Amino acid sequence: FKRIYVDTIKDLIPITAIVALVLFITRELLDFSKKMLERKRELAAYKELISGEIKQNHFALKLLNSVLKVAVKFNNDNVESVQCNVHTDRYGSEYIFIDLGEGPGKRKVSMRLKNFSTEVFDSHLANLAKLDVKLYESVRKTYEQIREWKTIRNDLVCYLANEIQDIRSLYLTFNLRM
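Worth saying up front: this structure is predicted, and the values here are computed from it rather than measured.

What counts, and at which threshold
- Residues numbered from 1 in each chain as written.
- Predicted model: local features only at pLDDT ≥ 70, side-chain atom pairs only at ≥ 80, totals over all residues.
- Heavy atoms only, no water.
- Helix = DSSP H or I, 4+ residues; strand = E, 2+ residues; numbered from the N terminus.
- Buried < 20%, exposed > 50% of the residue type's maximum accessible area, 1.4 Å probe, protein only.
- Contact = heavy atoms within 4.5 Å.
- Expected span 1.5 Å × (residues − 1).
- Bend = angle between axes of the 7 residues up to and from the residue.
- Salt bridge = Lys/Arg side-chain N within 4 Å of Asp/Glu carboxyl O.

Novice: Help me understand the overall build of the protein in this model?
Specialist: Tallying secondary structure elements over the protein gives five helices and three strands in all. Along its sequence from the N terminus, the protein presents helices and strands in the succession α-α-β-β-β-α-α-α. Relative to its full complement of 178 residues, the protein shows a buried share of 27%. Taking the intrachain contacts of the protein between residues at least 6 apart in sequence as the baseline, contacts between residues at least 24 apart amount to 61%.

Here it is, written out as structure tokens:
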């Protein structure tokens, strides 16, 4: 039976065509597996980059929260003789220097206020959306929140540089959004 079947196939399709078909299918399967592995590696790289940026932004958020608490405390306590200086370093981070009181009881507070970063997400936005829509949507929502925090941070710097007068509504907004 096998011999008849093999002879019939040989008569219908030449052996070279069968070998070519097998080689074509094998090559297509190998190309498909390569593409899948490449896609996995690319997605893993994007996840690593974005998670690093989110960790940096989490640190910046902690700094922002501590500076906001200090600013609101001084604002609510009506501390006399508060002088704030804002210094920006070459990397764009602000350093807040606060002098409290006068004379021998004078205290100084110094805090760093780091910038929030969205460069990694912004530069890989399109590719991330193509690779994994679910991850893209999740990360996009996080970065919307980070952009709001950027605005709050900039308003706080303006307040500490005496460009605006009242910070309480800003702090309440910040607490509601966290």
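Following the structure, the description resumes.
Novice: Where do I start with helix α3 (residues 119-131) in this structure?
Specialist: Three- or four-residue spacings in an α-helix give side chains the same orientation, since the helix completes a turn every 3.6 residues. Counted at 1.5 Å a residue, the expected span for α3 with its 13 residues is 18 Å, and the 19 Å between its end C-alpha atoms agrees. Taking the largest bend as the criterion, α3 deviates by roughly 65°, centred on Leu125. Every buried residue belonging to α3 is among Phe121, Leu128 and Leu131, and all of these are buried.

Novice: Sorry, what's going on with the pattern of salt bridges here?
Specialist: Where side chains of opposite charge bring their charged atoms close, a pairing between them can arise. This model, assessed by the stated rule, comprises five salt bridges. Across the salt bridge formed by Glu94 and Arg153, the nearest N and O atoms sit 2.0 Å from each other. You can see Glu94 sitting in strand β2 (residues 94-100) and its partner Arg153 sitting in helix α4 (residues 133-160), a full 59 residues away along the chain. For Glu94, a relative accessible area of 11% puts it in the buried group. A salt bridge links Arg140 to Glu137; the nearest nitrogen and oxygen atoms lie 2.8 Å apart.

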